[in-house]
Amino acid sequence: WCQAGLLISYSASTIMEIAIRLIINFGWSEIFGEKNWFFCEIKSFLDKNHSYFQKLNPSDKTRFLNRVESFIDSKSITGRQGLLITPLISVQIAAAAVQVTFGLDTWDYSHFSQILVYPSEYKNPQTGNMHKGETNLGGFMCFSWKDFQLGNQTPDDKINLGLHEFGHALRF
């Protein structure tokens, strides 16, 4: 059921957007019962675009994908300043959270329910300072989407905003 070319008349990004939006809104089991080719589309996206995921063995990839799904189902990811949260944004944020905690038994960041995503650096209303990201004890995290993406573009430069902020979240 994971064969390429099932929906040859649509672009890969269109299929991915549709699949992830359905999964985010309804969850795997409510729509599809068992995981099927939509699961494979997300797997395919991560195989092409997420260096950590690419290195996992097949059983760890399945566990990683299950955690991505669970993270998306349990968090509110909200765009700010006009940023539209697409399914691909949600998957990339969830993948960063899962990567940081992948070796841990407790990994769900239960103390954080809200993730705010700004298009670029934003002004913290309490301090007046410009931020690229923050982890707040009030139960929310913030990211500059521009800087989040920059962190993913060069996987070996040791600069990754998503991993950095989710690392802070482990302390709480």
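Residues numbered from 1 in each chain as written. Predicted model: local features only at pLDDT ≥ 70, side-chain atom pairs only at ≥ 80, totals over all residues. Heavy atoms only, no water.

Caption draft 1: Layout of the nonpolar core. Within the largest apolar cluster, 37 residues are counted, with the highest numbers of intra-cluster contacts made by L46, F64, F71, I93, I115 and F166. For this core, the secondary structure elements donating two or more residues are α3 (37-49), α5 (58-74), α6 (87-101), β2 (114-118), β6 (140-144), α7 (145-153) and α8 (161-171). Counting residues per element, this core draws most heavily on α6, at nine residues. (Core = buried A, V, L, I, M, F, W, Y, C linked by side-chain atoms within 4.5 Å. Buried < 20%, exposed > 50% of the residue type's maximum accessible area, 1.4 Å probe, protein only. Helix = DSSP H or I, 4+ residues; strand = E, 2+ residues; numbered from the N terminus.)

Caption draft 2: Layout of the packing of α6 against α7. Running from N to C, α6 and α7 point in directions that differ by 60 degrees, and their axes come no closer than 12 Å. On the basis of their axis angle, the class for α6 and α7 is oblique. As for the relative orientation of α6 and α7, their crossing is left-handed in sense. Contacts from I89, Q92, I93 and A96 of α6 reach α7 at W145, F148 and N152. When the residues that make up the contact of α6 with α7 are grouped by side-chain class, the tally is five nonpolar, two polar and no charged. (Axes fitted to C-alpha atoms, helices over the stretch in contact; angles between N-to-C directions. Parallel < 35°, antiparallel > 145°, perpendicular 65-115°, else oblique. Left-handed = near helix turned anticlockwise from the far one by under 90°. Contact = heavy atoms within 4.5 Å. Nonpolar A, V, L, I, M, F, W, Y, C, P; charged D, E, K, R; others polar.)

Caption draft 3: Examining the pattern of salt bridges more closely. Using the criterion set out here, one finds four salt bridges in the structure. Notably, a salt bridge pairs D47 with K61, separated by 2.6 Å at the nearest N-O pair. Here D47, found in helix α3, pairs with K61, found in helix α5; they are 14 residues apart in sequence, far enough to count as distant. Of the residues examined, D47 reaches a relative accessible area of 24% and is grouped as partly exposed. K132 is paired through a salt bridge with D147; the nearest N and O atoms lie 3.9 Å apart. With K132 in the loop between β4 (130-131) and β5 (133-136) and D147 in helix α7, this pair connects stretches of sequence that are 15 residues apart. (Salt bridge = Lys/Arg side-chain N within 4 Å of Asp/Glu carboxyl O.)

Caption draft 4: The arrangement of the sheet that holds β5 in detail. Pairing within the open sheet is mixed, and its four strands lie in the order β1-β2-β6-β5. Bordering the open sheet on either side are β1 (76-79) and β5, each of which pairs with just one other strand. The mean inter-strand angle of the sheet, taken between neighbouring strand axes irrespective of direction, is 15 degrees. Relative to β6, β5 runs antiparallel, the two sharing four bridges. Considered in β6, the bridge of N136 is made with F140. (Pairing = 2+ DSSP bridges.)

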